[in-house]
Amino acid sequence: MAKKTYFITGTDTDAGKTFVSATLLHKAGQLGYSTLAHKPVAAGCEQTEEGLRNSDATTLMAAMSEELDYELVNPIALEPPIAPHIAAAEKGQGLSVSRLNGFARGLMMAKVDLLLIEGAGGWKVPLGPRETLADYAVSLKQPVILVVGMKLGCISHALLTAEAIQRDGLELAGWVANQIDPEMNRYKENLATLHQMLPAPLLAEVPYIEGSDWQQAADYFPEAAVHHLLDKKGTV
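In this text, all values refer to a predicted model and were calculated from it rather than measured experimentally.

**Q** So what about the UniProt feature "active site" (unreviewed entry) in the protein? Which residues, and what values?
**A** In this structure's numbering, the residues bearing the UniProt feature "active site" (unreviewed entry) are Lys39. Take lysine 39: it is sitting in the loop between strand 2 (35-38) and strand 3 (41-43). In this structure lysine 39 comes out as buried when scored by relative accessible area, which is 4%. Apart from residues no more than four positions distant in its own chain, lysine 39 is found in contact with Thr18, Asn54, Asp56, Leu60, Val73, Asn74, Pro75, Glu118, Gly119 and Ala120.

**Q** I'd like a rundown of the packing of aromatic side chains, residues and numbers included.
**A** On inspection of all chains with the given rule, the structure shows two aromatic pairs. Taking 6.0 Å as the distance between ring centres and 80 degrees as the angle between the ring planes, the aromatic pair formed by phenylalanine 7 and tryptophan 123 counts as edge-to-face. Here phenylalanine 7, found in strand 1 (residues 4-10), pairs with tryptophan 123, found in the loop between strand 7 (114-118) and helix 6 (133-140); they are 116 residues apart in sequence, far enough to count as distant. Taking relative accessible area as the criterion, phenylalanine 7 reaches 3% and is therefore assigned buried. Tryptophan 123 sits in the buried class, given a relative accessible area of 5%. Where phenylalanine 7 meets tyrosine 136, the ring centres are 6.1 Å apart and the plane angle is 75 degrees; that geometry is what we call edge-to-face. With phenylalanine 7 in strand 1 and tyrosine 136 in helix 6, this pair connects stretches of sequence that are 129 residues apart.

**Q** Could you give me a rundown of helix 1 (residues 17-30), with the residues and numbers involved?
**A** For an α-helix, 3.6 residues make a turn, and residues three or four places apart therefore share a direction. With 14 residues, helix 1 should cover 20 Å at 1.5 Å per step; its first-to-last C-alpha distance of 20 Å lies within 8% of that length. For helix 1, the buried fraction is high: twelve of the 14 residues fall into the buried class. For helix 1, the set of buried residues is Lys17, Thr18, Phe19, Val20, Ser21, Ala22, Thr23, Leu24, Leu25, His26, Lys27 and Ala28. The first or second residue beyond helix 1 is glycine 32, which carries a positive phi of 95 degrees.

**Q** Residues and numbers for the sheet that holds strand 8 (residues 144-149), please.
**A** Taken in spatial order, the six strands of this open sheet run 2-7-1-8-9-10, and their pairing is parallel. Strands at the two margins of the open sheet, each flanked by one partner only, are strand 2 and strand 10 (202-206). Averaged over neighbouring strand pairs, the angle between their axes works out to 20 degrees when direction is ignored. Pairing of strand 1 with strand 8, which is carried by four bridges, proceeds in the parallel orientation. Within strand 8, the residue paired with glycine 10 across the bridge is valine 147.

**Q** Run through the UniProt feature "binding site: Mg(2+)" (unreviewed entry) in the protein, naming residues and quoting values.
**A** Per the UniProt entry, the sites bearing "binding site: Mg(2+)" (unreviewed entry) are Thr18, Asp56 and Glu118 in this numbering. In summary, the annotated positions, though distributed over 101 residues, converge in three dimensions, the widest C-alpha pair being only 9.7 Å. Lining the largest pocket, from the residues named above, are Thr18, Asp56 and Glu118. Beyond its immediate stretch of four places on either side in the chain, threonine 18 contacts Lys39, Asp56, Thr59, Leu60 and Glu118. With residues near it in sequence (within four places) discarded, aspartate 56 still touches Thr18, Lys39 and Glu118.

Basis of the calculations
- Residues numbered from 1 in each chain as written.
- Predicted model: local features only at pLDDT ≥ 70, side-chain atom pairs only at ≥ 80, totals over all residues.
- Heavy atoms only, no water.
- UniProt positions renumbered as here; feature names shortened; annotations may be inferred.
- Helix = DSSP H or I, 4+ residues; strand = E, 2+ residues; numbered from the N terminus.
- Buried < 20%, exposed > 50% of the residue type's maximum accessible area, 1.4 Å probe, protein only.
- Contact = heavy atoms within 4.5 Å.
- Phe/Tyr/Trp six-rings, centres within 6.5 Å; stacked < 30°, edge-to-face > 60°.
- Expected span 1.5 Å × (residues − 1).
- Pairing = 2+ DSSP bridges.
- Axes fitted to C-alpha atoms, helices over the stretch in contact; angles between N-to-C directions.
- 1 Å grid on protein atoms, 1.4 Å probe; cavity = no way out; pocket = protein on both sides within 12 Å on 5 of 7 lines; lining within 4 Å.

See below:
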């Protein structure tokens, strides 16, 4: 069984969940931890000789230490770059918490130090008319890491998301400030406000990096934060 499993969510689409997940996976690998990643559903996939492939899923595969078939990393691959529940409905394919949960439970039995399960979009992305990815996260009963895309409006998005996570009964293990807007006005002041108001520790502050180079970004993810997430011995 994976020693530690975390669900990765973001303040919004393009907050940088995959970039931060890959950064954390790579950093943990550098520190000698074994890692796996899982993105149960992904829209915006491209047709290849091997079938539909999603760039976020292949990025996670490149960053994790253990090898895994693509279909286990991303079991539900949808071609249109639209909301997953709409893409699935157009394909005549249903999405449900129970279906996604079945995929994840197998990976959670893997003997690795760290398993990251990445959502899609923000916390309340629909799976269908009655279920959301938040319901899926609740079913997993694992702590959550929040990726805050640092841009105008991020404070409200972050506080609302953190409130929703805790209201759903899950632990907010920490958050990562990901600077997606290199020209964000009053960046430091926004960061200070989030640091003061979010009910969880700041794990890392990742600056804007051209090309979203997660290997380079790993230099900005403190070793102590990784140890804290993996064995609770580090301090953040």
